[in-house]
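Next come the chains, spelled out residue by residue.
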Amino acid sequence: MMFRDTDAEVYEKHAEELLRFATVLVGPNSAADVLSAAVVKAIGSPSWSDVTNRRAYLFRCVLNEARSTLRSKVRRESLEQRLAQGEVVELAQRDLDIISALFALTPRQRSVIYLAYWEDQPAAQIARLLGISLGSVHRHLARARAHLRRLLHE
Amino acid sequence: MSDLDTSIHQGLRRLVDTTPMVPSLEGIKTSLSRENPPFRGPRMPRRPVLVGVAALVLVGGLTGWLFGSGPGARTAVSAATVLKQAESVAATSTTDTLGAGQYLYERTNSVESVYTASNGHSWTYQLPHTEQVWLAADGSGRERLTPGAPTFPTSTDQAAWTAAGSPALTEFESPVSDLTYPTLPSPVATSPTDSFGQQLKAAATIAAGNSAGLVAFPYNQISALPTSPAALRSTLVSTYEGGRANSQTTFSLAASLLEEAPSAALRVALFQMIGTLPGVSAKNRSAVGGDKATGLSLTSDQDEVTLLIDPSTAEILEVTNQYLGSPASLTTGGSALFGVTTFFTQGKVVSSISST
């Protein structure tokens, strides 16, 4: 499979934001792998040349790849353990509680939370990026907040 | 900004701060060259979206939900006519009052349509679930979600799933949940200068969402909304959309508010406001579960939101969010949720909260 110049431009344009997204989804240790695998699959896809919104397509690929990664219970537990041991970064207990709560969400809920809160994306744009309906965005966000509120005892 | 919002942002900041170095382009190229073939999934058959819609009809048992010129379809009417009729009925509706210890109870059945491509096959399936919400004036309450078993709209879909090895249909499955909502401050403060996803945050701050993809608003919030259409729209945009007007978001918010609007004046204002949104059109669907209905829809970027209204009560019977493009275009060999239809099986009943 050839890697065209335009593909390189797309990658360089979006790699940083996609990597942040992957980090929030799977943690820093697996984020680069997830991004690489997602990009390889996207560009290798026969439909890639027909994709009009490549940014959205790549976001979905990262989410799909992250979900595959997180399906492995061992990996998930390993991630939680590393976070709990402060291996990734020195964390205050409160930060650890919040991050643990974020990782208790489903990947899709976490995606919506991240895009809404960190990337400041409007609902319609999140729907487009993740390939879900506008109503689903509201639902995932509302449910994620309810879970977080409960987990954080607020 | 609430404490929860601050916490979420704090947690995200900590995570984002750990973002590693971007993988090199060379590494990606090398990985790509090793892929042979890089992507084994076949091109997905371009499944007409009506297949998905028809599936929803089957799953929901909505034998009377008809399109176009089918039997039972009505003569096309304009959105203005639908809205005028709804306004006149809403003007005569009674105003509910939630006292201490009373809750707005609502039960909905929803069906999510999922497109999946796996192992060289593609299919559509539906995930049903029932949701009950008790919501007090102060935002406190309870939400119970009970998922149902996945079903296939057609034997062809089921055959494709079987041929793919009968993989688990759990990607979009909602777990059983029973949540308690805490009391919320009133009114929820939102700042036009708040930088954190205002549009969503504000809506979701108000309470918890239900499976319709709608957002439940405490009465003590919406009772303060203006009843002039222009002022109402302006307030929704500034308060709940972060000042960035988006007609479809406003339309969806209006649908949520119509579910709960405690006063006839606000209901009328909501219908009038919908009439000011560009792109709203009448939807020629004539019946839901045997009930006569009139419909309104708004499409933006291939996302269609449709409200079906009971013409005799001006109550919302159904809300549908539907992606009008090819579901296959939403995924790369995985699954994509491309439609959600919610039926209000028991709406807006003042009750005590269930203890079981």
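Quick caveat, the model's predicted, so the values are computed rather than measured.

1. Some points on the overall build of chain B
Secondary structure summary: chain B contains 10 helices and 11 strands in total. Within chain B, the fraction of its 356 residues that count as buried is 54%. Roughly 13800 Å² of accessible area belongs to chain B as shown, and the carbon and sulfur atoms make up 54% of that amount.

2. Remarks on helix H1 (residues 5–26) of chain A
All names here are of chain A. Look at H1: 29 Å from first C-alpha to last across 22 residues, which is about the 32 Å you get at 1.5 Å a residue. The principal kink in H1, of about 50°, is found at Ala-15. Note on H1: the residue one or two positions beyond its end, Gly-27, has a positive phi of about 90°.

3. Describing the confidence of the model for chain A
On average, residues of chain A score 76 in pLDDT, and 79% of them are at 70 or above. Least confident of the elements in chain A is helix H4 (residues 73–84) of chain A, whose mean pLDDT is 49; most confident is H1 of chain A, at 89.

4. Here's the deal with the pairing of strand E1 (residues 103–118) of chain B
All names here are of chain B. For E1, the buried fraction is high: 13 of the 16 residues fall into the buried class. Examined bridge by bridge, E1 and strand E2 (residues 121–135) share 15 bridges and lie antiparallel to one another. In the sheet register, Glu-106 faces E2, and the bridge partner there is Val-133. Hairpin connection from E1 to E2: two residues lie between these consecutive antiparallel strands, with Asn-119 at a positive phi of about 55°.

5. A short note on the packing of helix H6 (residues 107–117) of chain A against helix H1 (residues 3–16) of chain B
A packed helix pair is summarised by two numbers, namely the angle formed by the two axes and the spacing between the axes. It is at 10 Å that the axes of H6 of chain A and H1 of chain B come closest, and there the two elements cross at 95°. Classified by the angle their axes make, H6 of chain A and H1 of chain B are roughly perpendicular. Here Ile-113, Tyr-114 and Tyr-117 of chain A of H6 of chain A lie close against H1 of chain B, whose contacting residues are Asp-5, Ile-8, His-9, Leu-12 and Val-16 of chain B.

6. Focus: the side chain of Glu-17 of chain A
Residues and elements named next belong to chain A. By the element assignment, Glu-17 lies in helix H1. What makes Glu-17 buried here is its relative accessible area of 12%. Beyond its immediate stretch of four places on either side in the chain, Glu-17 contacts Arg-55, Phe-59 and Tyr-114.

7. As for the packing of aromatic side chains
The tally for this structure, following the rule as stated, stands at three aromatic pairs over all chains. Here the aromatic rings of Phe-21 of chain A and Tyr-114 of chain A are separated by 5.8 Å at their centres, their planes lie at 35°, and the arrangement is tilted. Taken together, the residues Phe-21 of chain A in helix H1 and Tyr-114 of chain A in helix H6 connect sequence positions 93 residues apart. Owing to a relative accessible area of 0%, Phe-21 of chain A belongs among the buried residues under this scheme. Judged by relative accessible area, which is 0%, Tyr-114 of chain A ranks as buried. A ring pair is formed by Phe-152 of chain B and Trp-161 of chain B, whose centres lie 5.0 Å apart and whose planes are at 40°; its orientation type is tilted. Owing to a relative accessible area of 18%, Phe-152 of chain B belongs among the buried residues under this scheme. Classification of Trp-161 of chain B by relative accessible area gives buried; the value is 19%. Members of the aromatic cluster, joined through ring pairs, are Phe-21, Phe-59 and Tyr-114 of chain A.

8. Quick word on the nonpolar core
All names here are of chain A. In terms of nonpolar packing, the biggest core is built from 71 residues, with Phe-21, Val-62 and Ile-113 touching the most fellow members. Counting residues per element, this core draws most heavily on H1, which supplies 11 residues. Phe-21 has contacts with Phe-59, Val-62, Leu-63, Ser-111, Tyr-114, Leu-115 and Leu-130, leaving out every residue within four places of it along the chain.

9. Quick look at the environment of Ala-224 of chain B
Within the secondary structure, Ala-224 of chain B is located in the loop between helix H7 (219–222) and helix H8 (229–240). With a relative accessible area of 62%, Ala-224 of chain B lands in the exposed category.

10. Side note on the pairing of strand E10 (residues 316–323) of chain B
Residue and element names in this part refer to chain B. Among the eight residues in E10, eight count as buried, and that is most of the element. Direction of pairing for strand E9 (residues 303–309) relative to E10: antiparallel, over a ladder of seven bridges. Each residue of the ladder has a partner; that of Thr-306, found in E10, is Thr-320. Turn length for the E9-E10 hairpin, with the two strands adjacent in sequence and antiparallel, is six residues, and the turn residue Ala-314 shows positive phi of about 65°.

11. Brief notes about the pattern of salt bridges
All names here are of chain B. Applying the stated rule across the entire model yields six salt bridges over all chains. Between Lys-84 and Glu-87 there is a salt bridge, with its nearest N and O atoms 3.9 Å apart. Of the two residues, Lys-84 and Glu-87 both sit in helix H4 (residues 79–90), three residues apart, roughly one turn of that helix. Judged by relative accessible area, which is 12%, Glu-87 ranks as buried. Its salt-bridge partner being Lys-283, residue Glu-304 comes within 2.6 Å of it at the nearest N-O pair.

12. Regarding the confidence of the model for chain B
All names here are of chain B. Looking at chain B as a whole, its pLDDT mean stands at 69, while 62% of the residues score no less than 70. Across chain B, the secondary-structure element scoring lowest on mean pLDDT is helix H3 (residues 49–60), at 28, and the one scoring highest is helix H5 (residues 155–163), at 96. Confidence drops under a pLDDT of 50 for residues 35–75, and excluding neighbours within four residues, the segment shows 87 contacts in the predicted structure. Here residues 184–216 scores under 50 on pLDDT; set against residues more than four positions off or in separate chains, the count is 109 contacts. Both scores are given for the predicted complex: the pTM is 0.58, the ipTM 0.81.

Procedures and definitions
Residues numbered from 1 in each chain as written. Chains lettered and ligands numbered in written order. Predicted model: local features only at pLDDT ≥ 70, side-chain atom pairs only at ≥ 80, totals over all residues. Heavy atoms only, no water. Helix = DSSP H or I, 4+ residues; strand = E, 2+ residues; numbered from the N terminus. Buried < 20%, exposed > 50% of the residue type's maximum accessible area, 1.4 Å probe, protein only. Areas by Shrake-Rupley, 256 points an atom, 1.4 Å probe, with all protein chains shown as cover. Expected span 1.5 Å × (residues − 1). Bend = angle between axes of the 7 residues up to and from the residue. pLDDT = per-residue confidence, 0-100. Pairing = 2+ DSSP bridges. Axes fitted to C-alpha atoms, helices over the stretch in contact; angles between N-to-C directions. Parallel < 35°, antiparallel > 145°, perpendicular 65-115°, else oblique. Contact = heavy atoms within 4.5 Å. Phe/Tyr/Trp six-rings, centres within 6.5 Å; stacked < 30°, edge-to-face > 60°. Core = buried A, V, L, I, M, F, W, Y, C linked by side-chain atoms within 4.5 Å. Salt bridge = Lys/Arg side-chain N within 4 Å of Asp/Glu carboxyl O.

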